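Notes for the structure review
Spelled out, the chains give:
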Amino acid sequence: MIPRAKQAGIALRVVAAVDRSGFVFEQRGLSRRRLEDFVAGKEAGRKIAGMPGGRAAGVAEAIAEIARHALSRPILVDVTAEDTAAVLRQWLASGHDLVLANKKPLAGPLEQARGLLDLARSRGRRILHETTVGAGLPIIDTLYKLVESNDRILRIVGCTSGTLGFLLGEIQKGRPFSGALQEAMKLGYTEPDPREDLSGMDVARKALILGRLVGFEGELDRIEVESLVPEALRGVTREEFLRRTGEMDRALEERSREAQAGGGFLRYVASITRRQVKVGLQAVPASSPFASLKGTDNQVAFTTVRYRRNPLVITGPGAGPDVTAAGVLNDILSLAGSA
Ligand SMILES: NC(=O)c1ccc[n+]([C@@H]2O[C@H](COP(=O)([O-])OP(=O)(O)OC[C@H]3O[C@@H](n4cnc5c(N)ncnc54)[C@H](OP(=O)(O)O)[C@@H]3O)[C@@H](O)[C@H]2O)c1
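Residues numbered from 1 in each chain as written. Predicted model: local features only at pLDDT ≥ 70, side-chain atom pairs only at ≥ 80, totals over all residues. Heavy atoms only, no water.

Quick notes on the environment of Ile139
Heads up, the condition is: Helix and strand assignments follow DSSP, with helices taken as H or I runs no shorter than four residues and strands as E runs no shorter than two, numbered in order from the N terminus. Whether two residues touch is decided by their heavy atoms; if any such pair falls within 4.5 Å, the residues are in contact.
By secondary structure assignment, the location of Ile139 is in helix α7 (residues 139-148). C-alpha separation for the pair Ile139 and Met1, spaced 138 residues apart in sequence, amounts to 24 Å. Apart from residues lying up to four places away in sequence, Ile139 is in contact with Glu130, Val133, Gly134, Leu210, Val300, Phe302 and Ile314.

Spelled out as structure tokens, the structure:
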């Protein structure tokens, strides 16, 4: 099979990399070697401004500098976990496309999220954000395909946290929560602060993004969210939280045992309609497709007018750098290949 990008003669170049310290820019494209050096440097805790060719700058200044060059069809890829809406507006206002793995800009205030989408549309540009839900799984793409073929979404139910799926699976096998969390962090499954996952807020943001696509007009604080983080560990620093995760072992082990005693499995489930979005722990029966989920697998079931009796289900790994990077690349190729 000839890849569609090849058929369309698309050649991608990475011309810049930005972090909070500054940026590096090379109009002809950064070589593979330099990109690998940047990745190794970041993994070793270094900052871009201090790497060869790096320049110290604020993020807004870096984006303005990159946007002012005559580049062919530039695409900004936001893989931060920050509220970057102001910088993204600046980029979109220059008439360029955007790919997001970062959920925050679209799960912030409704007016802000709509503002970004409207701004892109007004400039004839697009925002693609497949990896904001389910990493590399084609969940948002499927949603668009259903709606564009005149189906109507009635309900979306999903286990959309690879991290929580992995942790609950390990607890079910009898492993203490704290040990499982350490491994999940090492494997790159968690958000930079794992409380984003454990508080349910990461799932809530994904659910809000899906909800808004089907017409839910609420804000994040209108979502019912069950947090797994006890009160005492919510306000402490990330470091202190990581030292004290053992305090969560017993409660989670008990919840899992209770679910198993009733013949079920503990899962963290998002339930979405255009009127209501809620996320929390549920004991799902052994007959539920959610019961068979393994590792970081995500599952999303669309009940629609066309798929009413037998929902359309998407299942697969929903976390990890490899699958996320593949999803981001697909979004980039899709933008680069469109008119
Ligand atoms: N990992 C996954 O499985 C997965 C799946 C789907 C989606 N995502 C999303 O992908 C995003 C990144 O996750 P990650 O685990 O790769 O995070 P990460 O390891 O913390 O990487 C974030 C990178 O962005 C830079 N950065 C942070 N804030 C910035 C800002 N305001 N402006 C410019 N650069 C900034 C950081 O560098 P400095 O801190 O040095 O500035 C760092 O290089 C998150 O939004 C996450 O939700 C991840």
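Focus on the side chain of Arg267
To be explicit about the condition: For each residue, the accessible area found with a 1.4 Å probe, counting protein chains only, is set against the maximum for its type, and the residue is called buried under 20%, exposed over 50%, and partly exposed in between. Within this scheme the basic residues Lys and Arg register as positive and the acidic residues Asp and Glu register as negative, but His and the chain ends are omitted. The salt bridge definition used is simple: a Lys or Arg side-chain nitrogen within 4 Å of an Asp or Glu carboxyl oxygen. As used in this structure description, the phrase polar contact means that two N or O atoms lie within 3.5 Å; if the pair is within protein, one of them must be able to donate a hydrogen and the other to accept it, and residues adjacent in sequence are counted only when both atoms belong to side chains.
Tracing the backbone shows Arg267 in strand β9 (residues 264-272). Asp297 provides the closest opposite charge to the buried, unpaired Arg267, separated from it by 9.7 Å. Polar contacts involving the side chain of Arg267 include one to the main-chain carbonyl oxygen of Ala291, which spans 2.8 Å. The contacts of Arg267, once residues within four sequence positions are left out, are Cys159, Leu168, Gln172, Gly280, Leu281, Gln282, Val284, Phe290, Ala291 and Leu293.

Some remarks on the sheet that holds strand β6 (residues 127-128)
Within a sheet, each strand pairs with its neighbour through backbone hydrogen bonds, oriented either parallel or antiparallel. The condition is simple: Note on pairing: two strands pair once DSSP finds at least 2 bridges between them. Simply put, an axis is a line fit to the C-alpha atoms, just over the touching stretch for a helix, and the angle between two N-to-C directions goes from 0 to 180 degrees.
Here three strands make up an open sheet; going across it, the order is β4-β5-β6 and the pairing parallel. Edge strands, defined here as strands with exactly one partner in the open sheet, are β4 (75-78) and β6. Strand direction decides the pairing type here: β4 and strand β5 (residues 97-100), joined by four bridges, are parallel. Directly across from Leu76, in β5, lies its bridge partner Leu98. Packed onto the sheet, helix α14 (residues 321-336) meets β4, β5 and β6 and runs at close to 165° relative to β5.

Points about the site of the ligand
Heads up, the condition is: The near set for a molecule or strand comprises every residue that places at least one heavy atom within 4 Å of it. Here the Shrake-Rupley method, with its probe set to 1.4 Å, supplies the accessible areas, and only the displayed protein chains count as covering residues. Each residue gets one of three labels, nonpolar for Ala, Val, Leu, Ile, Met, Phe, Trp, Tyr, Cys and Pro, charged for Asp, Glu, Lys and Arg, and polar for the others, Gly among them.
Close to the ligand lie 20 residues, the nearest being Arg20, Lys42, Lys47, Thr80 and Gly320. One nitrogen or oxygen atom from the side chain of Lys103 is found 2.8 Å from an oxygen atom belonging to the ligand. Between the ligand and Gly320 there is a distance of 2.7 Å, counted from an oxygen atom to a backbone nitrogen or oxygen. When isolated, the ligand has an accessible area of 900 Å², and the protein chains bury 75% of it. Partitioned by chemical class, the residues of the shell around the ligand number seven nonpolar, six polar and seven charged.

Some details on the packing of helix α4 (residues 85-93) against helix α6 (residues 110-122)
Here is the rule we go by: An angle below 35 degrees is treated as roughly parallel, one above 145 as roughly antiparallel, one from 65 to 115 as roughly perpendicular, and anything else as oblique. Crossing handedness is defined as follows: a turn of the near helix away from the far one that is anticlockwise and smaller than a right angle gives a left-handed crossing, while the clockwise case is right-handed.
Look at α4 against α6: their axes get within 9 Å of each other, and the N-to-C directions meet at 15°. One element, α4, and the other, α6, form an angle in the roughly parallel class. Read as a crossing pair, α4 and α6 show a hand that is left-handed. Counted together, Ala85, Leu88, Arg89, Leu92 and Ala93 of α4 and Gln112, Leu116, Leu119 and Ala120 of α6 form the full contact between these two elements.

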